[in-house]
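What the coordinates show
Here's the letter readout for the chains.
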Amino acid sequence: MIQGASRPNPILSGLRCRCPNCGRGPLFSGYLKVAERCRACGFDLKAAESGDGPAVFIILIVGFLVGFAALYTEVAYAPPLWVHMALWLPLALVLCLALLRPFKGVLIALQFHHRAAEVRNDDF
């Protein structure tokens, strides 16, 4: 942590895909690959693991939006099937790709904010 500075808001730093410690350095080194260290403060980001959480949220949100829009369009206008395919498949793909990175950033930032750690129990 930076001396004399407070931690950034985890939601805002996650949405901006910035380091959860300083809020300045990039969180990702690729599209969804988390950087090993923050370039701005040197914070260790290797322990960041969001699992399937972002994908689940995106599936629920995009599925609701696109499903509702497709259903409304079908009831109101009754277009042919090819129109539905041409409209809703690209929209779902674009929304999923656009929302996945910020959602992953938010979940990782909240994980660091709340000092969450994976629990391992190898003793059975």
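Everything numeric here is computed off the predicted structure, so don't read it as measured data.

What about the overall build of the chain?
Looking only at helices and strands, one finds three helices and zero strands in the chain. The N-to-C order of helical and strand elements in the chain reads α-α-α. Projecting the C-alpha coordinates of the chain onto the three principal axes gives extents of approximately 60 × 45 × 20 Å. Within the span of the chain, comprising 124 residues, buried residues form 31% of the whole. For the chain, long-range pairs separated by at least 24 residues make up 50% of all intrachain contacts whose partners lie at least 6 apart in sequence. Summed over all atoms, the accessible surface of the chain reaches about 8,400 Å², with 65% contributed by carbon and sulfur.

Observations regarding the state of the cysteines
A full pass over the atoms with the stated rule returns zero disulfides. Between C22, a free cysteine, and C38, which holds the nearest cysteine sulfur, the sulfur-to-sulfur gap is 3.7 Å. A residue is classified by how much of its surface remains accessible, and C22, at 13% relative accessible area, is buried. The thiol sulfur of C41 is not disulfide-bonded, and the nearest other cysteine sulfur, from C38, lies at 3.7 Å.

Concerning the environment of V106
Take V106: it is sitting in helix α3 (residues 81-113). V106 sits 30 residues away from A76 along the chain, and the two C-alpha atoms are 37 Å apart.

Some remarks on the side chain of K104
Counting through the fold element by element, K104 comes out in helix α3. Although K104 lies buried, it forms no salt bridge, and the closest oppositely charged side chain, E49, sits 6.3 Å away as judged by the N-O distance. Not counting the four nearest positions on each side in its chain, K104 is found in contact with F28, L32, V34, S50 and P54.

Observations concerning the packing of helix α2 (residues 53-77) against α3
Contact geometry of α2 with α3 gives a least axis separation of 8 Å together with a crossing angle of 155°. The angle between α2 and α3 falls in the class roughly antiparallel. Here the hand of the crossing between α2 and α3 comes out right-handed. Counted together, G53, P54, A55, F57, I58, I61, V62, V66, A69, A70, T73 and E74 of α2 and H84, W88, L91, A92, L95, C96, L99, L100, F103, K104 and L107 of α3 form the full contact between these two elements.

Regarding the confidence of the model for the chain
Per-residue confidence for the chain averages 89 on the pLDDT scale, and 90% of its residues sit at or above 70. Ranking the helices and strands of the chain by mean pLDDT puts α2 first, with 96, and helix α1 (residues 10-15) last, with 94. Confidence drops under pLDDT 50 across residues 119-124; counting only partners more than four residues distant or on other chains, this segment forms zero contacts.

Some remarks on unusual backbone geometry
A negative phi holds for most residues other than glycine; trans holds for most peptide bonds. At A78, a residue that is not glycine, the phi angle is positive and equals roughly 50°. The topology assignment puts A78 in the loop between α2 and α3. With phi around 55°, R115 is a residue other than glycine that occupies positive phi space. Position of R115 among the secondary structure elements: in the segment after α3.

Examining the nonpolar core
Grouped together as the largest cluster of nonpolar side chains are 13 residues, with contacts concentrated most on L27, V34, C38, F43, L45, I108 and F112. If near-sequence neighbours (up to four positions away) are discounted, I108 is found in contact with L27, V34, A48 and S50. In terms of nonpolar packing, the next biggest core, distinct from the first, is built from six residues, I58, V62, V66 and W88 among them.

Cut-offs and rules
Residues numbered from 1 in each chain as written. Predicted model: local features only at pLDDT ≥ 70, side-chain atom pairs only at ≥ 80, totals over all residues. Heavy atoms only, no water. Helix = DSSP H or I, 4+ residues; strand = E, 2+ residues; numbered from the N terminus. Buried < 20%, exposed > 50% of the residue type's maximum accessible area, 1.4 Å probe, protein only. Contact = heavy atoms within 4.5 Å. Areas by Shrake-Rupley, 256 points an atom, 1.4 Å probe, with all protein chains shown as cover. Disulfide = S-S within 2.5 Å. Lys, Arg positive; Asp, Glu negative; His and termini not counted. Salt bridge = Lys/Arg side-chain N within 4 Å of Asp/Glu carboxyl O. Axes fitted to C-alpha atoms, helices over the stretch in contact; angles between N-to-C directions. Parallel < 35°, antiparallel > 145°, perpendicular 65-115°, else oblique. Left-handed = near helix turned anticlockwise from the far one by under 90°. pLDDT = per-residue confidence, 0-100. Core = buried A, V, L, I, M, F, W, Y, C linked by side-chain atoms within 4.5 Å.

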